[in-house]
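Letter by letter, the chains look like this.
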Amino acid sequence: MPGSEPVRFGRKRALPSCPNPLFLQWLTELRDEAKEKGLKIQYTYQKAINSLNKYPLPLKNAKEAKILQNFGDGICKILDDKLQRYYRENGPNASIHCLPKAAPPPGRADNNNTLAPSRERNDAGDEGKHRGGGGGTKKKKREYIPQKRSGGYAVLLTLYRQSQIPGSKGYMFKMELQSEAQPLCDKSFTVPDLGSKYTAWSSVSTLIQKNLLIKTHNPARYSLTDEGLALAERLESVEKEAKNLPGEDRSEGDGLEDEEEEGVVDLTGSGDDEEEERESLSERATCVVQSRSNAGESSLPGKTQNTLTTSRKPSGECLLPGAYDVILCVDFIETTGGSHHRKQELVRELQRNGVNFDVRKLNVGDFLWVAREKVTPVPGQLRAPAGRELVLDYIIERKRMDDLCGSIIDGRFREQKFRLKRCGLRRPIYLVEGSSSSAAHLSLPETTLQQAIVNTQVVDGFFVKRVQDVRESAAYLTIMTRYLTKLYQNRTLISRSRELEGDVTSDEEERGIPSCSLISFAEFNHGAVKNKCQTVREVFARQLMQISGLSGDKAAAILGQYSTPHSLLAAYEKCGSEAEKEKLLSCIRYGKLKRNLGPALSRTVYQLYCTPGALT
């Protein structure tokens, strides 16, 4: 039959063996070694293997391989070093186009063309399908399943567990996702391993490419797709089966402890994984015991009340005295860009003074301090687990005279003060660097700059510290670090949410116990994002602050009466005359002195929102 001819000639021809088996063997060894270490260069070696398998001519040395695709200077140098070592061991006349007798054959592309150990089994199954007839069928693409305790594995499980919480928002931000997923991953999500520039977070791009994860909005929100949800559900079931096997014996011996600790666990928490919860049970039990002992001096009702108050705190967020270090956090902008010499001088001065500091991105402020939990390294892991961090109530905004001048001109100065006031920390500080002579050749006169500094302290209520140069700035940061270390050394720190700002502080002062309620660093930095999604109230406040003479306190006072533009316009419509509309806001009181806004500012706001057409 003429129709059978394509089947006869459609079979695969046997490919000739690689004419450069020695190079192929070395590249395969390099690829396997990189794969064991989890390095991304394994894919580069794989591409080089593919190119070498397609090249039909023998190569005399590694330099000739540069004509091949994916063979760069690095790979050629490695092969050249191996070749010289091979000549020293086997003689200068040893053949490189055949393997030594003791060496295993490198194989063809089917064996060296993959980074997945299950490919050979899949190929065998596919070959059986081809033999059974149906030569036109394609090989089934292998499903992507992340390796256990890898970055992708931890991200999928964390998002799945968060989605199973009743009333969950259905997505997670980057900071909280990294924090929640870290206990499920062996590699760090923020710090790369030695000799590598990749972290566990790098696997998120793979999850997005595989259509398992979706990234939306700015700041980014991460959520699972339907395929990712199905895969994560399978991973969770396997995880539970693995935990149930060794967990039976442990639960029998620790029954009494579990009963006592059940009263501490917050069932309305954010769905932390069970592994992290077990690690922090002992700390939580210690926190409850200490709170009971502190309350023991009072009467029985007071004791019960204190115990219940402590048990309502978020579980695992209590740091006892001596269980944490005070760390200075420096914004990375203060160490990079601009005048590199001056910024590196700040780092050198801090190192010379023996300050324990950490350079990271701060969404508001230039310097702040965190209480970082002391953690012990886990046997078998390269890095110690990430300790919890609570932000102390001190934050510093550093301003040189030229920077102060520029920020006043472009409007950043007022916006930065507004953001510092609402960042959640109670003691903001302005560190003004530079003498009067440094303001001689700036765009604004010196008197304007001095007035702005005085207004920052007197009107806005910031503490202002004047220094001469970078060395004095480093000295002030050193003194503040030592002061805060001594101030908090005997204090029990409890994490609070920004929504509870001010409530816990008054409660602690009434009880008189040495403890502080602080915000976690992840929540603080996420809440301080400059371009995050804003509510109508926040946008309205920013609109009002664009009016000349309308400060943050005045805008807050107006928002207290009219929280949205719609409510303000509705109030204007109820007024009977133009004069009444112009004076609508004049009697609103603002600030500590409770002064009136005045008729002039009230008239300006009315003209802005009620004048039809363009403003003249």
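Quick notes on the rules
- Throughout, residues of each chain are indexed from 1 in the direction in which the sequence is written.
- A pLDDT threshold of at least 70 governs which residues receive local features in this predicted model, and a stricter bar of 80 or more applies before side-chain atom pairs are shown or counted, although totals over entire chains, interfaces and linings include all residues.
- Water and hydrogen atoms were dropped before computing side-chain values, which therefore reflect all heavy atoms in the structure.
- Each helix corresponds to a stretch of at least 4 residues labelled H or I by DSSP, and each strand to a stretch of at least 2 residues labelled E; elements are numbered beginning at the N terminus.
- Note on classification: 1.4 Å probe, protein chains only; a residue is buried when its accessible area is under 20% of the maximum for its type, exposed when over 50%, partly exposed between these limits.
- Residue contacts are defined here by distance: any two heavy atoms, one from each residue, within 4.5 Å place the two residues in contact.
- Only the protein chains shown count as cover for residues, and all accessible areas are computed by the Shrake-Rupley method using a 1.4 Å probe.
- In this analysis, rings of Phe, Tyr and Trp, with Trp reduced to its six-membered ring, are considered paired at centre separations within 6.5 Å, and the interplanar angle assigns stacked below 30 degrees, edge-to-face beyond 60, and tilted for intermediate values.
- For two strands to count as paired, DSSP must find a minimum of two bridges between them.
- Patch membership is restricted to residues that have no salt bridge and whose relative accessible area is over 30%. Joining uses 9 Å for like charges and 5 Å for the nonpolar side chains Val, Leu, Ile, Met, Phe, Trp and Tyr.
- Salt bridge, as used here: a side-chain nitrogen of Lys or Arg that lies within 4 Å of a carboxyl oxygen of Asp or Glu.
- For the charge count, each Lys or Arg is scored as positive and each Asp or Glu as negative, with His and the chain ends excluded.
- Note on charges: their place is set at NZ of Lys, CZ of Arg, CG of Asp or CD of Glu.
- Our working definition of a disulfide is a cysteine sulfur pair at a distance within 2.5 Å.
- Per residue, pLDDT measures the predictor's confidence, with a range of 0 to 100.
- Contacts described as polar in this section are N or O atom pairs within 3.5 Å, which, within protein, must combine one atom able to donate a hydrogen with one able to accept it, while residues neighboring in sequence count only if both atoms come from side chains.
- Each axis is a line fitted through C-alpha atoms, and for a helix only the stretch in contact is used; angles between axes span 0 to 180 degrees, taken between their N-to-C directions.
- Orientation labels follow simple angle bins: below 35 degrees gives roughly parallel, above 145 gives roughly antiparallel, 65 to 115 gives roughly perpendicular, and whatever is left gives oblique.
- For a crossing to be left-handed, the near helix must be turned anticlockwise from the far one by less than a right angle; the clockwise case is right-handed.
- Under the grouping applied here, Gly and all other residues not named as nonpolar or charged are polar, the nonpolar ones being Ala, Val, Leu, Ile, Met, Phe, Trp, Tyr, Cys and Pro and the charged ones Asp, Glu, Lys and Arg.

## Quick look at the overall build of the protein
Step number 1: Scanning the protein from N- to C-terminus turns up 26 helices and 14 strands.
Step number 2: Considering the protein as a whole, with its 616 residues, one finds that 39% of them fall into the buried category.
Step number 3: Pairs at least 24 apart in sequence give 67% of the contacts found in the protein among residues at least 6 apart.
Step number 4: Accessible area of the protein: about 35800 Å², with a carbon and sulfur share of 52%.

## Describing the packing of aromatic side chains
Step number 1: The final tally for this structure, using the stated rule, is 11 aromatic pairs.
Step number 2: Considering the side-chain rings of F23 and W26, the 5.9 Å spacing of their centres and the 45 degrees angle between planes classify their relative orientation as tilted. Of this pair, F23 and W26 are both found in helix α2 (residues 21-37), 3 residues apart, which corresponds to roughly one turn of the helix. Taken as a pair, F23 and W26 share a single burial class, namely buried.

## Some points on the sheet that holds strand β2 (residues 213-216)
Step number 1: In spatial order, the strands read β1-β3-β2; together these 3 strands make up an open sheet with antiparallel pairing. The outermost strands of the open sheet, each flanked by one partner alone, are β1 (172-173) and β2.
Step number 2: Sheet topology note: the β2/strand β3 (residues 221-224) ladder contains 4 bridges and is antiparallel. Within β3, the residue paired with T216 across the bridge is R221.

## Describing helix α8 (residues 174-181)
Step number 1: For α8, every residue scored as buried is listed here: L177, Q178, E180 and A181.
Step number 2: Residues of α8 that are buried in the fold lie against α7 (151-163), β1 and β3.

## Observations concerning a positive patch on the surface
Step number 1: On the surface, K35, K141, R142 and K210 cluster together to form a positively charged patch.
Step number 2: Considering the arrangement of structural elements, one finds K35 in helix α2.
Step number 3: Look at K35 and you get partly exposed, because its relative accessible area is 33%.

## Some thoughts on unusual backbone geometry
Step number 1: The phi angle at R149 is positive, at roughly 65 degrees, despite the residue not being glycine.
Step number 2: Structurally, the position occupied by R149 is in the loop between α6 (119-131) and α7.
Step number 3: In this structure, N211 takes a positive phi of about 60 degrees despite not being glycine.
Step number 4: The partly exposed category is assigned to N211, whose relative accessible area is 41%.

## Focus on a nonpolar patch on the surface
Step number 1: A cluster of nonpolar side chains, namely F332, I333 and V359, defines an oily patch on the protein surface of about 220 Å² accessible area.
Step number 2: Among the structural elements, I333 can be located in the loop between β5 (324-331) and α15 (340-352).
Step number 3: Taking the relative accessible area as the measure of exposure, I333 reaches 40% and is therefore partly exposed.

## Let's talk about the state of the cysteines
Step number 1: This structure, assessed with the given rule, holds 0 disulfides.
Step number 2: Unpaired in terms of disulfides, C610 finds its nearest cysteine sulfur in C575, a separation of 8.9 Å.

## Re the pattern of salt bridges
Step number 1: By the definition in use, this model includes 30 salt bridges.
Step number 2: R398 serves as the salt-bridge partner of E433, at 3.1 Å between the closest nitrogen and oxygen. Here E433, found in strand β9 (residues 427-433), pairs with R398, found in strand β8 (residues 389-400); they are 35 residues apart in sequence, far enough to count as distant. In this structure, E433 and R398 share a single accessibility class: buried.
Step number 3: The partner of D553 in a salt bridge is K421, and the shortest N-O contact between them spans 3.6 Å. With D553 in helix α23 (residues 552-561) and K421 in helix α17 (residues 412-421), this pair connects stretches of sequence that are 132 residues apart.
Step number 4: Residue class for D553 comes out partly exposed when judged on its relative accessible area of 29%.
Step number 5: Bridged by salt links that share partners, the residues E345, E349, R352 and R471 form one connected network.

## Comments concerning the confidence of the model for the protein
Step number 1: Across the protein, the average pLDDT comes to 77, with 74% of residues at 70 or higher.
Step number 2: Low pLDDT, under 50, characterises residues 107-135; the stretch is placed with 39 contacts to residues that sit more than four places away or in other chains.
Step number 3: Across residues 502-506 the pLDDT falls below 50, and counting only partners more than four positions away or on other chains, this stretch makes 4 contacts in the model.

## Some points on the environment of Y324
Step number 1: Turning to its location among the elements, Y324 is positioned in strand β5.
Step number 2: Separated by 49 residues in the primary sequence, Y324 and E373 have C-alpha atoms spaced 4.2 Å apart.
Step number 3: With residues near it in sequence (within four places) discarded, Y324 still touches L319, A371, R372, E373, K374, Y488, Q489, R491 and L493.
Step number 4: Here the side chain of Y324 touches Y488 through a polar contact of 2.3 Å, landing on its backbone oxygen.

## A few points about the packing of helix α22 (residues 536-545) against α23
Step number 1: Where α22 contacts α23, the axes come no closer than 9 Å and their chain directions differ by 135 degrees. The angle between α22 and α23 falls in the class oblique. The interaxial crossing formed by α22 with α23 has right-handed handedness. In contact with R537, F540, A541, L544 and M545 of α22, α23 contributes G552, A555, I558 and L559.
Step number 2: When grouped by side-chain class, the residues that make up the contact of α22 with α23 number 7 nonpolar, 1 polar and 1 charged.

## Here's the deal with the environment of N70
Step number 1: Mapped onto the fold, N70 is located in the loop between α3 (41-54) and α4 (73-90).
Step number 2: What makes N70 partly exposed here is its relative accessible area of 32%.
Step number 3: Taking the C-alpha atoms as reference points, N70 and L52, 18 residues apart in sequence, are found 9.5 Å from one another.
Step number 4: Leave out the neighbours within four places in its chain, and N70 touches K47, A48, S51 and I75.

## Quick look at α17
Step number 1: Where α17 is concerned, the buried positions are F413, E415, Q416, K417, R419 and L420.
Step number 2: Packed against the buried residues of α17 are β8, α16 (401-410), β9, α18 (446-458) and α22.

## Topic: the pairing of β3
On a regular strand, one side chain projects to one face of the sheet and the next to the other, so that they alternate.
Step number 1: The alternating pattern of β3 places R221 and S223 on one face and Y222 and L224 on the opposite face, and all of these are buried.
Step number 2: Here β1 runs beside β3; their pairing, made up of 2 bridges, is antiparallel. When the bridges of β3 are listed, F173 appears paired with R221.
Step number 3: Joining the antiparallel neighbours β2 and β3 is a turn of 4 residues, in which H217 adopts a positive phi near 65 degrees.

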